[in-house]
Amino acid sequence: MKPRHNMDIYALTWRLPVLVWQTLFFIAPLVFMIAMSFFLVKNYRMVEAFELVNWMKMFSRDYFWDSYVLSLGLAALATICATALAFPASYALAFMVSDNIRRWAIFFLIIPYFTSYLVRIFSWYVLLAEAGIANGVLGYLGLGPFTMLNTAFATIVGYMALTLPLVVILQTLSMANIDRSLIEAAHNLGAGRLRTIVSVVVPAGKVGLIVGALFCFILSFGDFVSPYYLGGSKPPTLTILITDTTKSGQQWPRAAVVAVTMMATLMVIAYSAIRYAYNRRQP
Amino acid sequence: MRRDRLVTWLLRIYLALIFLFVFVPIATSMVFSFNSDRFPSLPLGGFTWHWYDMVYKDPDTWEAIRTSLLVALTSSVLATFIGFCTAYTDFRYRFRFKGAYLALALLPPTIPLIILALAMLAWFSKIGISGRVGSIIVAHTVLCAPFAMAVIRLRLQQMDRDLESAAWNLGANELAAMRHVVIPFTLPSIISALCLTMAVSFDEFMIAWFVSGLNKTVPVMILEILQGNVDPRINAIGSFVFAVTVTLVVVAQLLFSAKTTTTRS
């Protein structure tokens, strides 16, 4: 159904805009950032060079590795929490409600992504404060008060605010698409609800579960707001390290080292997760 | 099957708790934007417009809103144009390296914003376009184009391929077919993409904070207030931003669902 050959002006008109724009303003910045990690800073000015000094400085500092381990740990914890917390909800949405309710539920889960994340974090700050509402409610039950702000707990709450709705959506969509006859077959063969979940639902919905977890990891690992405002920024995560290094002074090359390390880490994790997700269907 | 009913009920309660977790902060922020106490806590203080009034009378707010609107409008138009071109290319053509082409088009949202922000700050300074409102527009266009592309591509999926060739057979050239067939067909999704990308741009703060220099958008202003003390002005601004973005999303959603009900030609 193509009246002429592929390379004409008409075709190019549609093909080029994204190529030009994303090359100039997406690829070029990323490539430049990698190059910048080899630049020097002399007299508070950046000098183009090709030196390993930033890499050696950052990699030889304990605080860098502390931040690295902390960021990985928090993101991994967030991923486990989000996956575990989301699963029962997604299961209910996939199997126990009508299509109509499921559509509405997903619509409502998208809404938070169009409210300011900053404002939601501010709300959590107020909710979790020493004299805040969470402690007020717990006080009625005769518990607390607990110190929640400036702890890893608060950071994780922030990460959940960021990622949980998305993880529920992705899990729900993947589980809703599972062939119902598979589940009936499991029941007919005498498997209970739990057994069916473990040996039918989870393997069949594997891709959605892993993609959800991966998104949670990427978002948490790259988030600056939760660890800074809720977690108290001490010790700093890699994201806080980047902002501090960039915003205070001219040490952009060192910030670039941190950013490139983050990117490499994420690529390895994303690649392994996707390989694992699509690797050999469950027997 | 009493145990089954119990499980069902427990799951329902659990589901309600999850939704509570998601919506409590949004509701809190709205409620406390009208609360007279300086530090938000229970029981509530009196009703007040004070925070809205403070925000309303602050010239910085209006400056920020103007910047945000300018950025959101311009970058949504640019992003939707780029998204349309990409979606049409993907719909109609097959060519070598198409996989790489699509990856390039869809990749930006998967890179953490903080990394993009640093990279763009450095690159924009290098080529001399940093610290302006235009820098935020350029950056937001990069970020928003994939969303526009996805929305428009979904609509094109519903278009019969023969529709375009029918127009050619009737003597329309490609441009005329584009104008009289493809664009009218995708129009709801184009408007939907405009709203969606505007909402994305209106909320984005990380890149805007890095590349904007002294030109603050609304979320950047929130970020800076947040760095000070607990300040209920954030609730007032936040509720306003929420109203704007939810309106955009609802319009987008209405058009998006309108398109599934129109005839599939």
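As the structure is a computational prediction, the values presented were derived from the model and not from experiment. (Residues numbered from 1 in each chain as written. Chains lettered and ligands numbered in written order. Predicted model: local features only at pLDDT ≥ 70, side-chain atom pairs only at ≥ 80, totals over all residues. Heavy atoms only, no water.)

## With respect to the overall build of chain A
This is how the line gets drawn: The helix count covers DSSP runs of H or I at least four residues long, the strand count covers runs of E at least two residues long, and both are numbered beginning at the N terminus. With a 1.4 Å probe rolled over the protein chains alone, any residue whose accessible area is under 20% of its type maximum counts as buried; one over 50% counts as exposed, and the rest are partly exposed. The charge count includes Lys and Arg as positive and Asp and Glu as negative, but it does not include His or the ends of the chains. Charged side chains are reduced to one point each, which is NZ for Lys, CZ for Arg, CG for Asp and CD for Glu.
When you go through chain A residue by residue, the secondary structure sums to 13 helices and two strands. Residues classed as buried in chain A amount to 52% of the 283 residues present. Looking at chain A, you have 20 positive and 11 negative side-chain charges, and the mean spots of the two groups are 6 Å apart.

## Examining the overall build of chain B
We count it as follows: Throughout, a residue-residue contact means that at least one pair of heavy atoms, one from each residue, lies within 4.5 Å.
Scanning chain B from N- to C-terminus turns up 11 helices and zero strands. Secondary structure elements of chain B occur, N-terminal to C-terminal, as α-α-α-α-α-α-α-α-α-α-α. Considered along the principal axes of its C-alpha atoms, chain B spans approximately 70 × 70 × 30 Å. Evaluated residue by residue, chain B yields a buried proportion of 54% over its 265 residues. When contacts within chain B are restricted to residue pairs at least 6 apart in sequence, those whose partners lie at least 24 apart make up 73%. Of the charged side chains in chain B, 21 are positive and 15 negative, and the gap between their average positions amounts to 9 Å.

## Remarks on the domain arrangement of chain A
Interface size, as often reported, equals the accessible area lost upon joining of the parts. Residue and element names in this part refer to chain A. Note the cut-off: Per the annotation, domain bounds derive from an automatic or database assignment of domains. Two parts placed together each lose some accessible area under a 1.4 Å probe, and adding up what both lose gives the buried area.
Under the domain assignment used here, chain A contains domain 1 (1-36) and domain 2 (52-278). Once you take the C-alpha centre of each, domain 1 and domain 2 turn out to be 33 Å apart. Taken residue by residue, the interface counts four residues in domain 1 and seven residues in domain 2. For the domain 1 and domain 2 pair, buried surface summed over both sides reaches about 470 Å², with 86% attributable to carbon and sulfur atoms. On the domain 1 side of the interface with domain 2, the three residues burying the most area are Met33, Ile34 and Met36, jointly 90% of the side's total.

## Topic: a nonpolar patch on the surface
Note the threshold: The patches reported here contain residues having more than 30% relative accessible area and no salt bridge. Joining distances are 9 Å for like charges and 5 Å for nonpolar side chains (Val, Leu, Ile, Met, Phe, Trp, Tyr). Note on areas: Shrake-Rupley, 1.4 Å probe, and residue coverage restricted to the protein chains presented here. Just to be clear on terms, a salt bridge is a Lys or Arg side-chain nitrogen sitting within 4 Å of an Asp or Glu carboxyl oxygen.
On the surface, a cluster of nonpolar side chains totalling about 640 Å² of accessible area is made up of Leu6, Trp9, Leu10, Ile13, Leu17 and Leu20 of chain B. Within the secondary structure layout, Trp9 of chain B lies in helix H1 (residues 2-32).

## Remarks on the pattern of salt bridges
Taken as a whole, this structure holds 11 salt bridges over all chains when the rule is applied. In this structure, Lys126 of chain B engages Glu48 of chain A in a salt bridge whose closest nitrogen and oxygen atoms are separated by 2.7 Å. Residue Lys126 of chain B is located in helix H5 (residues 113-126), and its partner Glu48 of chain A is located in the loop between strand E2 (45-47) and helix H2 (53-59); the two belong to separate chains. Of the residues examined, Lys126 of chain B reaches a relative accessible area of 42% and is grouped as partly exposed. Between Asp53 of chain B and Lys57 of chain B there is a salt bridge; the shortest N-O distance is 2.9 Å. Taken as a pair, Asp53 of chain B and Lys57 of chain B lie in helix H2 (residues 50-57) at a separation of four residues, close to a single helical turn.

## Side note on the environment of Gly158 of chain A
Residue and element names in this part refer to chain A. Along the chain, Gly158 turns up in helix H7 (residues 152-176). According to the relative accessible area criterion, Gly158 is buried, its value standing at 0%. The spacing of Gly158 and Trp124 is 34 residues in sequence and 7.4 Å in space, taken between C-alpha atoms.

## Topic: the packing of H5 of chain B against helix H6 (residues 133-157) of chain B
Residues and elements named next belong to chain B. The cut-off we apply is this: Think of each axis as a best-fit line through the C-alpha atoms, taken over the contacting stretch in the case of a helix, with angles from 0 to 180 degrees between the N-to-C directions. Roughly parallel means an angle under 35 degrees; roughly antiparallel, over 145; roughly perpendicular, 65 to 115; everything else is oblique. The crossing is said to be left-handed when, going from far helix to near helix, the turn is anticlockwise and less than a right angle, and right-handed when the turn is clockwise. By the convention adopted, Pro, Cys, Tyr, Trp, Phe, Met, Ile, Leu, Val and Ala count as nonpolar, Lys, Arg, Asp and Glu as charged, and the other residues, Gly among them, as polar.
Two elements in contact, H5 and H6, have axes separated by 11 Å at closest approach and are oriented at 135°. Regarding the angle of H5 to H6, the classification is oblique. Helix-helix and strand crossings are classified by hand; for H5 and H6 the assignment is right-handed. In this structure, H5 contributes Leu113, Leu116, Met120 and Phe124 to the contact, and H6 contributes Ser135, Val138, Ala139, Val142 and Leu143. Class assignment for the residues of the contact of H5 with H6 results in eight nonpolar, one polar and no charged.

## Side note on the interface of chain A and chain B
Threshold: By the criterion applied in these results, polar contacts are pairs of N or O atoms within 3.5 Å in which, for protein atoms, one can donate a hydrogen and the other can accept it, and in which residues neighboring in sequence qualify only through two side-chain atoms.
Taken together, the contacts link 84 residues of chain A with 89 residues of chain B. Our count for the contact surface shared by chain A and chain B stands at one salt bridge. Our count for the chain A to chain B interface comes out at 11 residue pairs in polar contact (both at pLDDT 80 or more). Every element with two or more residues in the side of chain A that touches chain B is listed here: helix H1 (9-36), helix H3 (62-95), helix H4 (99-110), helix H5 (117-128), H7, helix H11 (225-230), helix H12 (238-247) and helix H13 (252-278) of chain A. Top element by residues in the side of chain A that touches chain B is H1 of chain A. It accounts for 21 residues. Looking at the side of chain A that touches chain B residue by residue, the classes come out as 65 nonpolar, 11 polar and eight charged.

## Quick word on helix H8 (residues 174-203) of chain B
Residues and elements named next belong to chain B. For clarity, the threshold we go by: Here the expected length of a helix is defined as 1.5 Å per residue gap, with one fewer gap than residues. Fitting axes to the seven residues that end at a residue and to the seven that start at it, the angle between those axes gives the bend at that residue.
Over its 30 residues, H8 extends only 38 Å from the first C-alpha to the last, a length that falls short of the 44 Å expected when each residue adds 1.5 Å. The sharpest bend along H8 measures roughly 55° and falls at Leu187, with the proline Pro188 sitting one to four residues further on. Among the 30 residues in H8, 21 count as buried, and that is most of the element. Taking the backbone nitrogen of Leu175 as reference, a side-chain oxygen 3.2 Å away marks Asn173 as the first, capping residue of H8.

## Some words on unusual backbone geometry
The peptide bond linking Lys234 of chain A to Pro235 of chain A adopts the cis configuration, its omega dihedral lying at -5°. Looking at the element boundaries, Pro235 of chain A is found in the loop between H11 and H12. Of note in the backbone geometry, Ser233 of chain A takes a positive phi value of approximately 60° without being a glycine. Structurally, Ser233 of chain A can be placed in the loop between H11 and H12. Of note, Phe97 of chain B is a non-glycine position whose phi angle comes to about 65°, a positive value. One can find Phe97 of chain B in the loop between helix H3 (59-92) and helix H4 (98-106). For Phe97 of chain B, a relative accessible area of 62% gives the class exposed.

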